Amino acid sequence: MALTPFERRLLTAIEDGLPFVPRPYALIGERVGASEAAVIAGLTGLLERGVIRRLGVVVRHHELGYRANAMTVWDVPDGAVRGAAAVLVGLPFVTLCYRRPRRPPLWPYNLFCMVHGKDRGVVEAQVEEATAAAGLSGLPRAILFSKRRFKQRGARYAPAPAMKETAWTPSTAAS
Amino acid sequence: MTTLSPTARHLIDGFQRGLPLRPRPYAEMADRLGVDEETVLALLARLQAEGVVSRVGAVVEPHAAGWSTLAAMSVPPWALAQIADFVSAYPEVNHNYEREHRLNLWFVVTAPTPEAVRRVLDGIEYRVGVPVLDLPLEEAFRLDLGFALQWH
């Protein structure tokens, strides 16, 4: 999925979202030196190719009462991952499902799914339902509920300015 | 927790994806919600100010426009908040959470290349003095497509 320089500029220009003005694509066009039509065509192409997964309202679930956010992970034999995942993604409360590498001994798990809910007890019951439905009972599992949220925003793809090269100390952390 | 008007709920329910790619997207949203364009613009600005809406924009496939990874660290509870703030200060870090596990700090690093992501992880590992686990996406079974919210 190679991106053109224009597409990169476009993605960078909308990192913080579209402006709340009647013609947002025209305003983005002014920022990237393109017409409104070129911005719309560019975004349409990025959506069709799957570079943009979705274009719309990005909600902060915590603010809407979704405080029970369970990252659930299992250690599933490699050959069984896709079969289990196919069941998990069919469950309405599983919002994300991924395979990631194991990093033994600290981290033996390779199948991740996210369950967001308002009530911890309900989420725990949903995780049990998912475990049983996907045939994962008895496999090593962990449920990592989120606690404090330190940062949440959209990804930035433009090169970031370099950080100052200093050792971490409590005083630099506080600055 | 924020209580939302019916119009705000319909807006969130109807437009987590499929924002119109035509010149006046907010006017089209307004038509579907039965209000006018100014109302939609004011509502979005208010929801953003209240923190309910992060933005109206794109959720990008992580490995299409650059590289990203999920990283995890195990840090002493007494130092967690300070180390978390240090990690959050990196512009490449976009999500950063405490989770209930021995690996108690989880964050997402996004940058133009895998090498640039690696440099951030190495920098954090070096400066904090704690190993950083690098858990890049290997296969996505369900992507972030938004999801239907339960309002009650």
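Structure: see above.
Residues numbered from 1 in each chain as written. Chains lettered and ligands numbered in written order. Predicted model: local features only at pLDDT ≥ 70, side-chain atom pairs only at ≥ 80, totals over all residues.

**Structural notes on the overall build of chain A**
Then comes step 1: Within chain A, the secondary structure is distributed over six helices and five strands.
Then comes step 2: In chain A, the order of α-helices and β-strands from amino to carboxyl end is α-α-α-β-β-α-β-β-α-β-α. (Helix = DSSP H or I, 4+ residues; strand = E, 2+ residues; numbered from the N terminus.)

**Some words on the sheet that holds strand β2 (residues 67–73) of chain B**
Then comes step 1: The nine strands are arranged β5(B)-β2(B)-β4(B)-β3(B)-β5(A)-β2(A)-β4(A)-β3(A)-β6(B) in an open sheet whose pairing can be described as antiparallel. Pairing within the sheet leaves two strands with one partner each, and these edge strands are β5 (133–135) and β6 (139–142) of chain B. The average undirected angle you get between the axes of adjacent strands in this sheet is 30 degrees.
Then comes step 2: Relative to strand β3 (residues 93–99) of chain B, strand β5 (residues 141–152) of chain A runs antiparallel, the two being bridged by four bridges. Pairing of A:Gln152 across the sheet is with B:His95, part of β3(B).
Then comes step 3: Where helix α5 (residues 120–133) of chain A meets the sheet, it contacts β2 (68–74), β3 (94–99), β4 (111–117) and β5 of chain A, and its direction lies at approximately 145 degrees from that of β4(A). (Pairing = 2+ DSSP bridges. Axes fitted to C-alpha atoms, helices over the stretch in contact; angles between N-to-C directions. Contact = placed C-beta atoms within 7 Å.)

**Notes on helix α1 (residues 5–13) of chain A**
Then comes step 1: Taken together, the buried positions of α1(A) are A:Glu7, A:Leu10 and A:Leu11. Angularly, the buried residues of α1(A) cover 95 degrees about the axis, an arc narrow enough to put them on a single face.
Then comes step 2: Contacts from the buried residues of α1(A) go to α2 (24–32) and α3 (36–48) of chain A together with β1 (53–60) of chain B. (Buried ≥ 20, exposed ≤ 12 C-beta atoms within 10 Å, placed from the backbone. Arc of directions from axis to C-beta.)

**Comments concerning the packing of α1(A) against α2(A)**
All names here are of chain A.
Then comes step 1: For the pair α1 and α2, the least separation of the axes is 10 Å and the interaxial angle reads 120 degrees. As far as their axial angle goes, α2 and α1 are oblique. Of the two possible hands of crossing, α1 and α2 adopt the one that is right-handed. In this structure, α1 uses Arg9, Leu10 and Ala13 to contact α2, whose residues at the interface are Ile28, Arg31 and Val32.
Then comes step 2: Split by residue class, the contact of α1 with α2 holds four nonpolar, no polar and two charged. (Parallel < 35°, antiparallel > 145°, perpendicular 65-115°, else oblique. Left-handed = near helix turned anticlockwise from the far one by under 90°. Nonpolar A, V, L, I, M, F, W, Y, C, P; charged D, E, K, R; others polar.)

**Re the pairing of β2(A)**
In summary, the side chains of a regular strand alternate between the two faces of the sheet.
Residue and element names in this part refer to chain A.
Then comes step 1: For β2, a buried count of six out of seven residues is recorded, marking the element as mostly surrounded by other parts of the structure.
Then comes step 2: Strand direction decides the pairing type here: β2 and β4, joined by seven bridges, are antiparallel. Residue tryptophan 74 lies in a different strand from β4, and its bridge partner there is leucine 111.
Then comes step 3: As judged from the five bridges shared by β2 and β5, these two strands associate in the antiparallel manner. The residue of β5 that forms the bridge with tryptophan 74 is arginine 141.

**As for the environment of A:Arg148**
All names here are of chain A.
Then comes step 1: Within the fold, arginine 148 resides in strand β5.
Then comes step 2: Among the residues examined, arginine 148 registers 13 C-beta atoms within 10 Å and is labelled partly exposed.
Then comes step 3: With 97 residues separating them along the chain, arginine 148 and valine 51 place their C-alpha atoms 30 Å apart.

**Here we look at the nonpolar core**
Then comes step 1: One finds A:Val39, A:Leu43 and B:Ala58 to be the most contacted residues of the largest nonpolar core, which totals 34 residues.
Then comes step 2: Of all elements in the fold, only α1, α2, α3 and β1 (52–59) of chain A together with α1 (6–14), α2 (25–33), α3 (37–49) and β1 of chain B reach the threshold of two or more residues within this core.
Then comes step 3: With five residues, the single largest contributor to this core is β1(B).
Then comes step 4: Once residues within four sequence positions are removed from consideration, A:Leu43 is found in contact with A:Leu10, A:Ile52, A:Leu55 and B:Leu21.
Then comes step 5: Formed by 22 residues, the second largest nonpolar core is a distinct cluster that contains A:Val76, A:Tyr109, A:Val115 and A:Ala134. (Core = buried A, V, L, I, M, F, W, Y, C linked by C-beta atoms within 7 Å.)

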